[in-house]
Structure formats: C-alpha cells, structure tokens
Amino acid sequence: MPDGPQFELGWEEWLALPDLGLPAIKAKIDTGAKTSALHASVIEPFGPVTSPQVRFLIQPDPNNPALEVTCSAPVVDRREVTSSNGETELRYVIETDVEMGGRRWPIQLTLTNRESMTYRMLFGRGAMQPDMVVDPNESFHMPELSYKLYKGLPKKKPVKRPLRIALLTREPNNYSSRRLVEAARKRGHVIETIDTARCYMQIGTLDPQVHYDGQALPRYDAVIPRIGAKITDYGMAVLRQFSNTGAVCLNEAGAIGRSRDKLLAQQLLARAKIAMPVTAFAHSPKDTKDLIGLVDGAPVVLKLLTSTQGRGVVLAETRKAAESLVDAFRGLDANFLVQEFVEEAAGADVRAFVIGNKVVGAMKRQAQKGEFRSNLHRGGTASSVRLTADERETARAAAKVLGLSVAGVDLLQTRDGPKVLEVNSSPGLEGIENASGKDIAGQIIEHLERQVRPLSSDRETTLRSNRRINVN
Ligand SMILES: Nc1ncnc2c1ncn2[C@@H]1O[C@H](COP(=O)(O)OP(=O)(O)OP(=O)(O)O)[C@@H](O)[C@H]1O
Ligand SMILES: [Mg+2]
Ligand SMILES: [Mg+2]
C-alpha cells in the first residue's frame, strides 16, 4: 500500500460520468470484480470502422424508470464477462472519465443489459487508483450527489415513425402471424416475416449481424419472437443476436428460456409466492411412491414436460394408476411432473393475456364433456370472461417474475383463489381475439412503439453500412 493519505471509499458511492452526460450515479464498489460495469439498454454500435462507437440508454435512477439518458462512447474492445450470477456475456467495453470526490480519471466500463440491477454501476478494482482503499462497513464517503442533477436535461420522447419490424416465426401463415403483419402494416410500419431456423450469424464482431439466405439482414427497430417449442434454444440464440444489433425484442431471449423450462419457471414463480397447484419432480425411478405422496396421492395429473396442446397431460384417478403411469413414462425416458388434481376447476381454465404489465384480455376455456383438459385442440370451447382483481394481479405478477412483457398466463380457478398452471411466451392470438373481441395484435404493435427509442441522425449511417469490425 502506498504511503501518505489514502483515498477511502465506502462500499457504495455516488459518482459522475461527465463525458457520458451522467452527473450522478450510485455505484456499488466491488473489489471482487476486476471490470466495472454499467447497466445500459438498447446498446447499438455505430460510426466508422476506424473509430467504432456505441450508443446506449441509461436509467440512472432505479426508482424512476422515466428518467432516461442516451449516451455514446468510443468502443475500445468487446470482451467475454461472467457476471455474479454465472452467466457469460459478450460485452462492449468503453473508456470514459469518472469523477469522484474532486478527482477525475479515465476508466474502462463494460456495458451490460441484465435486467433489474439495484446499482446502475459496478465499480471494480480495475478502475481504482493506487491510493484507494475500500471500507466495507461504510457507505458514501464521497460527497453525496442526487438524481435532481438530471433536472433540466432534455427529455427524450418516443417518436412516432414507421418502424422496421421482423416477425420471427416458422409459421408465417398461421392466424397469429397474419394478424401481427396486418396490425403492423395498418399502423404504417414495415414488417418482414423471417424464418427463425434459416437465420445464421457470426459471433464476436463489433458489428453484430444476422444473415439470411446469403445476405446480411438490415437493422430492425424491433423483433417479435414467435419461437416454437421445438427450436427454443436456437431461436433464443437468434433473438440474442438481434438484440445485439440494437433491436428491441418484444420478449427477451432470457425470459423466453425461463418460461420454457417448466421446472425453472415453477421454481421462480414459487419463490415469488405466486400460487400454483402442488407440483413435484423427480429423476430416479426409486422414488415413484414418495413422489406421488408429495402431491397428496391420487387423483393426480401427470404431465410430460415436452407436452403441448394437452397431448401429454393425463389424469390418474387412483394411486395404482398413477404408479403405473410414472413407471411407463420412466420406461420411455420421458421428463415429466406430477401435480395435484384441482377437481373444482371442473375442466376449465382461464387464459389471461398480458402486455407490458397489464392484462389486456381474457378467456375461459371449458373442456368438452368427460374431459378435464380444456385445450381448444382437445375440443374445448372458449368464451369471454371477466377476471377478478386477484386473477388479474396473479397473471400480471407471473409474467413479471419471468420477465415476459407479452405472455399468456393460464390459471385454474380454485377454492383458494387463482393458481398458475403455466406461462406462455408466444401465446396464440386466435382464441383470445375471437373470445374477447379485442384487437390484441394491434395492442402488441402499440406496445412495441412505446419500447423503441428515437433515432438520431447518425443511426442512418449504420443502416447503410455493411461493415464488419474484428477486435482482435
Ligand atoms: N392440476 C390440474 N388440475 C386440473 N386440471 C388441470 C391440471 N393441470 C392441467 N389441467 C387441465 O389440463 C389442460 C392442459 O394442461 P397444461 O396446460 O398444463 O398442459 P399443455 O396444455 O399440454 O401444455 P401447453 O399449454 O404448454 O401446451 C389445462 O388447460 C387444464 O384444463
Ligand atoms: Mg396449456
Ligand atoms: Mg403452454
């Protein structure tokens, strides 16, 4: 440690990033991290090959998402960074000045758009000067700043203009795709249908692109993912690449992944105290009896994890039947879950359609006589329904926990209130539009319009150029 007076930091500090136009940021000081990180969104590269830049959006105040600042900075690198939750991400690295306690010096920052971080900035040891020490018991050793410093900065409004939208789907002609295309065109946007499975990409460039049929796709303002269960993993990779190009994704790849992994989704919902039917999973065949006991014995519902449209969902009325079914599924090497049978739902469930933290429509599906599965593909019928406040709140919360901005939340109506069956990240539009009589496709496009940021003039340069920059 150097002699002389030390520059002592607490474990959280206010600082400024003047070159980015950020007069006040609350940062977590983290000597366990080498690299510093800034929580940004809508990260997009621009500028000439010789001096690449990146533009991004910052919401400095975690409690005021309406406060947004658009920043730009020179890119010095792209780097693989593993964050504290273990996920590895390819991030832009920028260099900019930091100001703290009357000092100003250049630091390197990576840009990440992980959702919901309490601190907008992580100040790592790589950014610390030789005489700096950190007192883990103290907060705010440096002079306190305030978000009030942002007052007077010009406000950015979402601009009404024709958007360039990509609809990622393998089924361009189904009802949902046709309605989304129609709704986008009606509102003056340009929308192209793109087959997810035909997209390919080169990873690790400063200028991410998605290729299709021998050509680089243009930059889209927004992408609507309608990713089928069969290509979830590849579809998520394609979507992440689109996100890297600066496109707004209607649902993020991570959120789609969380909802598709039924075990993970159930665990996340349970952790958020969202009511669900009692559910159990096991891996070893030795635990069959105990597994059925965990959900209180027969009758139970067994579900193949790869099931869709009700096909892999069976009711075992007796314990014996449940045991033989479990054994049969095991013999087929199938992954499945065992769930308490909610008899009073009486063959009905409720689909709540969530867009941007609001339930915009709902329908009740009733199974045909002698059937407990209400799926429309199994002969169920749909009708419009008015949800209770509890049902609306449960649906909204379930979508939020998984990070989905558009979701179809399926609920069973039980004696103890609504219980979540599952959350769909690409909910179909046909049943809900017909039953509710609402223009759900139009509302989805309207939601996208609110998410897309205004263009600045130099964005046009990026649109035209087809350059590719290798960092190494
Ligand atoms: N625990 C339960 N108790 C009573 N009824 C149930 C239960 N689980 C499912 N059902 C009925 O069976 C139907 C199908 O179940 P579920 O939605 O879980 O599977 P799925 O439709 O095959 O999956 P996906 O919706 O992903 O295609 C539900 O819509 C509901 O009507
Ligand atoms: Mg279902
Ligand atoms: Mg589903």
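These notes cover the structure that comes with them. This is a predicted model, so every value here is computed, not measured. Note on numbering: residues in each chain are counted from 1, in written sequence order. As they are written, the chains are lettered A onward and the ligands numbered 1 onward, keeping that order. Only residues with pLDDT of at least 70 are given local features in this predicted model, and only at 80 or more are side-chain atom pairs given and counted; all residues enter the totals for whole chains, interfaces and linings. Hydrogens are left out, water is left out, and the side-chain values use all remaining heavy atoms of the structure.

## Some remarks on the site of ligand 1
We call a residue near a molecule or strand when any one of its heavy atoms sits within 4 Å of it. Around ligand 1 lies a shell of 20 residues, among which Lys-303, Ser-307, Gly-310, Asn-375 and Glu-422 are the nearest. A distance of 2.8 Å separates an oxygen atom of ligand 1 from a polar atom in the backbone of Gln-309. Separating an oxygen atom of ligand 1 from a backbone N or O atom of Phe-372 is a distance of 3.4 Å. Note on areas: Shrake-Rupley with a 1.4 Å probe; residue coverage comes only from the protein chains shown. When the free accessible area of ligand 1 is taken as 600 Å², the share hidden by the protein chains comes to 93%. Broken down by secondary-structure element, the contributors of at least two residues to the shell around ligand 1 are strand E20 (300-304), strand E22 (336-340) and strand E27 (417-424). Any pair of nitrogen or oxygen atoms within 3.5 Å is treated as a polar contact; in protein, a donor-acceptor pairing is required on top of that, and neighbouring residues in sequence qualify only through side-chain atoms on both sides. Helix and strand definitions follow DSSP, with helices as H or I runs of at least four residues and strands as E runs of at least two, each counted in order from the N terminus.

## Observations regarding the coordination of the magnesium ion (ligand 3)
For Na, K and Ca the donor cut-off is 3.2 Å; for every other metal, N, O and S atoms count as donors within 2.8 Å. Water does not enter the count, which can leave sites looking incomplete. Distances from the magnesium ion (ligand 3) to its protein donors, Glu-422 (OE), Glu-422 (OE) and Asn-424 (OD1), fall at 2.1 to 2.7 Å. In this structure the magnesium ion (ligand 2) is found 4.5 Å away from the magnesium ion (ligand 3), and Glu-422 serves as a bridging donor for the pair. When a residue's accessible area, from a 1.4 Å probe over protein chains only, is under 20% of the maximum for its type it is buried; when over 50% it is exposed; and in between it is partly exposed. On the basis of relative accessible area, Glu-422 is assigned to the partly exposed category, the value being 28%.

## Things to note about helix H1 (residues 175-186)
A helix is expected to span 1.5 Å for every residue after the first. Under the 1.5 Å per step criterion, the end-to-end length of H1 is 16 Å for 12 residues, consistent within 8% with the ideal 16 Å. Of all the residues in H1, the buried ones are Tyr-175, Ser-176, Ser-177, Arg-179, Leu-180, Val-181, Ala-183 and Ala-184. The positive-phi residue at the C-terminal boundary of H1 is Gly-188, with phi of around 85°.

## Things to note about the packing of helix H2 (residues 232-244) against helix H3 (residues 253-260)
Viewed as axis vectors pointing N to C, H2 and H3 meet at an angle of 165°, and their least axial separation amounts to 9 Å. By the angle between their directions, the pair H2 and H3 is classed as roughly antiparallel. Regarding H2 and H3, the two cross each other, and that crossing is right-handed. Residue-level contacts link Thr-232, Met-236, Leu-239 and Arg-240 of H2 to Ala-253, Ile-256, Gly-257 and Arg-260 of H3. Under the convention adopted here, Pro, Cys and the residues Ala, Val, Leu, Ile, Met, Phe, Trp and Tyr are nonpolar, Asp, Glu, Lys and Arg are charged, and Gly plus all remaining residues are polar. Here the contact of H2 with H3 is built from residues that sort into 4 nonpolar, 2 polar and 2 charged. Where helices are involved, their axes are fitted lines through C-alpha atoms of the stretch in contact, as for all axes, and angles between N-to-C directions lie from 0 to 180°. Angle categories are assigned with fixed cut-offs, so that under 35 degrees is roughly parallel, over 145 is roughly antiparallel, 65 to 115 is roughly perpendicular, and the rest are oblique. Two helices cross in a left-handed way if the nearer one is turned anticlockwise from the farther one by less than a right angle. They cross in a right-handed way if the turn is clockwise. Contacts are assigned to residue pairs with any non-hydrogen atoms lying within 4.5 Å of each other.

## Section: the side chain of Lys-419
Mapped onto the elements of the fold, Lys-419 is located in strand E27. For Lys-419, a relative accessible area of 13% translates into the label buried. In this structure Lys-419 touches Ala-275, Met-276, Pro-277, Glu-340, Asp-410, Leu-411, Leu-412 and Thr-414, once residues within four positions along its chain are discounted.

## Concerning the packing of aromatic side chains
Stacked, edge-to-face and tilted labels apply to pairs of Phe, Tyr and Trp rings (six-membered ring for Trp) whose centres lie within 6.5 Å, assigned for plane angles under 30 degrees, over 60, and everything in between, in that order. Under the defined criterion, the tally for this structure stands at 6 aromatic pairs. The interplanar angle of 65° and the centroid separation of 5.0 Å between the aromatic rings of Trp-14 and Tyr-147 together place this pair among those described as edge-to-face. With Trp-14 in strand E2 (residues 12-17) and Tyr-147 in the loop between strand E11 (132-134) and strand E12 (164-168), this residue pair connects regions lying 133 residues apart in the sequence. Given the relative accessible area of 6%, Trp-14 is considered buried. Ring centres 6.4 Å apart and planes at 90° place the aromatic pair Trp-105 and Phe-123 in the edge-to-face group. Of the two residues, Trp-105 is situated in strand E9 (residues 103-112) and Phe-123 in strand E10 (residues 121-124); the sequence distance between them amounts to 18 residues. On the basis of relative accessibility, which here comes to 6%, the residue Trp-105 falls in the buried class. Two conditions define a charge sitting above a ring: the NZ of Lys or the CZ of Arg must be within 6 Å of the ring centre, and it must be within 35 degrees of the ring normal. The aromatic ring of Tyr-212 is capped on one face by Arg-198, whose charged end is 5.8 Å from the ring centroid.

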